[in-house]
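Results of the structural survey
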Amino acid sequence: MKKLSKKALNRSFLSWFYGHLTCFSQEHMQTFGYLCAMLPVVEELYDTQEEKKDAMQTYTAFFNTEPQIGTLVVGMTAGLEEAKANGEAIDGETINGIRAGLMGPLAGIGDSLIVGTLIPILLGIALGLSNNGSPLGALFYIVVWNALMFFGMRFAYYKGYELGGKAVEMLVGEQAQALRDSIIMIGTMVIGAVAASWINVTTSFAIPGVIELQSTFDQVYPKLLSAGTVILCWWLMTKKKISPTMVMLILVVVAFIGVLLGFFDPGLSY
């Protein structure tokens, strides 16, 4: 039976701790940081280069979450990868479904607890200690923040690893397929919610006294243009195999031409 060593787990955690923003871009975000964190795990669990290649392919999928709380997901997938290497009925689709399903909710929790609560509290204490130009406040923040993040993220990683092993029983039981479908559905809902919240495409096209196109769209199907934009991007990337960067350039061109033709208002936010 294959078992991840303490050394491999520590290397995986440190890769995520120091490198979760590796090669960060709007197209990939934390994808490559996650991939680097899984390298020590895959290297130890699989023997052939083909097996390692197949395993790493799972982690080329898009990923982005709040990095501190999100460490839980990295540890969990390490546990699932260990179970997969030992012949359990777990595949890359299941692992990616779990990642997609958890990254949104954990990002919301992490942003509220870490960005919205912990950091302001620490900064408030640090500013109070910095009266009269004292360097104590800066030192306090640097030391306390890094200590809390290191040990907190390490705790989350190993708890996730333990949970990943226990999750195997649920993933390979009688209701495994239903659970997998539910996980994938949750991930799809998260992506859909993000699209509905952040994408807002409207038109300023109107014929005075005859028609105001956006108002007509809203009566028939609110946010029709937004939904159409998402579907178009999905179609270009999945069916036509166009890269996300090229899709973004296409959207820029469409927006530019739309403004010139009066279909879009340059003063609106899209």
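The next subject is the overall build of the chain. What the chain contains, in helices and strands, is 10 helices and two strands. Shown N-terminal to C-terminal, the secondary structure of the chain runs as helices and strands in the order α-α-α-α-α-α-α-β-β-α-α-α. Buried residues in the chain amount to 36% of all 270 residues. Restricting to contacts in the chain with at least 6 residues of sequence separation, those with at least 24 account for 70%. With an accessible surface of roughly 15,600 Å², the chain has 68% of that area assigned to carbon and sulfur atoms.

What follows concerns the packing of helix α9 (residues 224–238) against helix α10 (residues 244–260). In contact at an axis separation of 10 Å, α9 and α10 are set at 140° when each is read in the N-to-C sense. Taken together, the axis directions place α9 and α10 in an arrangement best described as oblique. Judged by the sense of rotation from one axis to the other, the crossing of α9 with α10 is right-handed. Along its contact with α9, which presents Thr229, Cys233, Leu236 and Met237, the element α10 presents Pro244, Val247, Ile250 and Leu251. Each residue belonging to the contact of α9 with α10 can be placed in one class, and the counts come to seven nonpolar, one polar and no charged.

Attention now moves to the packing of aromatic side chains. Following the criterion strictly, the structure yields 13 aromatic pairs and no others. With a centroid separation of 6.4 Å and 70° between ring planes, the pair formed by tryptophan 16 and phenylalanine 63 is classed as edge-to-face. With a gap of 47 residues between them, tryptophan 16 in helix α1 (residues 6–19) and phenylalanine 63 in the loop between α3 (49–57) and α4 (71–85) connect regions that are remote in the sequence. Among the aromatic side chains, those forming a connected cluster through ring pairs are Phe13, Phe17, Tyr18, Phe150, Phe151, Tyr157 and Tyr158. Over the ring of tyrosine 158 we find lysine 6; its NZ or CZ atom is 4.6 Å from the centre of that ring. Across the ring face of tyrosine 34, the terminal group of arginine 99 is positioned such that the distance to the ring centre comes to 4.5 Å.

Attention now goes to α9. Its 15 residues give α9 an end-to-end C-alpha distance of 21 Å, which sits within 8% of 21 Å, the value for a rise of 1.5 Å per residue. The set of residues buried in α9 consists of Leu225, Ser226, Thr229, Cys233 and Leu236. The buried residues of α9 occupy an angular sector of 105° when the element is viewed end-on, so they sit on one face.

With that settled, the discussion passes to the nonpolar core. Ranked by size, the top nonpolar core spans 41 residues in total, and within it Leu4, Tyr34 and Tyr157 carry the most contacts. Where this core is concerned, the elements lending two or more residues are α1, α2 (31–45), α3, α4, α5 (92–129) and α6 (136–171). When residues of this core are assigned to their parent elements, the largest contribution, eight residues, is made by α5. Beyond its immediate chain neighbours, meaning those up to four positions away, tyrosine 157 contacts Leu9, Ser12, Phe13, Val41, Thr71, Val74, Gly75 and Ala78. Formed by five residues, the second largest nonpolar core is a distinct cluster that contains Val201, Phe217, Leu225 and Phe264.

This part takes up the pattern of salt bridges. Taken as a whole, this structure holds five salt bridges when the rule is applied. A salt bridge links aspartate 47 to lysine 2; the nearest nitrogen and oxygen atoms lie 3.8 Å apart. Here the residue aspartate 47 occupies a position in the loop between α2 and α3, and lysine 2 occupies one in the segment before α1, the gap between them amounting to 45 residues. Lysine 2 sits in the partly exposed class, given a relative accessible area of 28%. Its salt-bridge partner being lysine 84, residue glutamate 81 comes within 3.7 Å of it at the nearest N-O pair. Of the two residues, glutamate 81 and lysine 84 are both situated in helix α4; the distance of three residues between them amounts to about one turn of the helix. What makes lysine 84 partly exposed here is its relative accessible area of 22%.

For serine 243, the position within the fold is in the loop between α9 and α10. A residue is classified by how much of its surface remains accessible, and serine 243, at 36% relative accessible area, is partly exposed. With 216 residues separating them in the primary sequence, serine 243 and glutamate 27 have C-alpha atoms 9.2 Å apart.

What follows concerns unusual backbone geometry. The residue asparagine 132 is not glycine, and still its phi comes out positive at about 65°. For lysine 223, which is not a glycine, the phi torsion comes out positive at approximately 65°. Within the secondary structure, lysine 223 sits in the loop between α8 (213–220) and α9.

What counts and what doesn't
Residues numbered from 1 in each chain as written. Predicted model: local features only at pLDDT ≥ 70, side-chain atom pairs only at ≥ 80, totals over all residues. Heavy atoms only, no water. Helix = DSSP H or I, 4+ residues; strand = E, 2+ residues; numbered from the N terminus. Buried < 20%, exposed > 50% of the residue type's maximum accessible area, 1.4 Å probe, protein only. Contact = heavy atoms within 4.5 Å. Areas by Shrake-Rupley, 256 points an atom, 1.4 Å probe, with all protein chains shown as cover. Axes fitted to C-alpha atoms, helices over the stretch in contact; angles between N-to-C directions. Parallel < 35°, antiparallel > 145°, perpendicular 65-115°, else oblique. Left-handed = near helix turned anticlockwise from the far one by under 90°. Nonpolar A, V, L, I, M, F, W, Y, C, P; charged D, E, K, R; others polar. Phe/Tyr/Trp six-rings, centres within 6.5 Å; stacked < 30°, edge-to-face > 60°. Lys NZ or Arg CZ within 6 Å of the ring centre and 35° of its normal. Expected span 1.5 Å × (residues − 1). Arc of directions from axis to C-beta. Core = buried A, V, L, I, M, F, W, Y, C linked by side-chain atoms within 4.5 Å. Salt bridge = Lys/Arg side-chain N within 4 Å of Asp/Glu carboxyl O.

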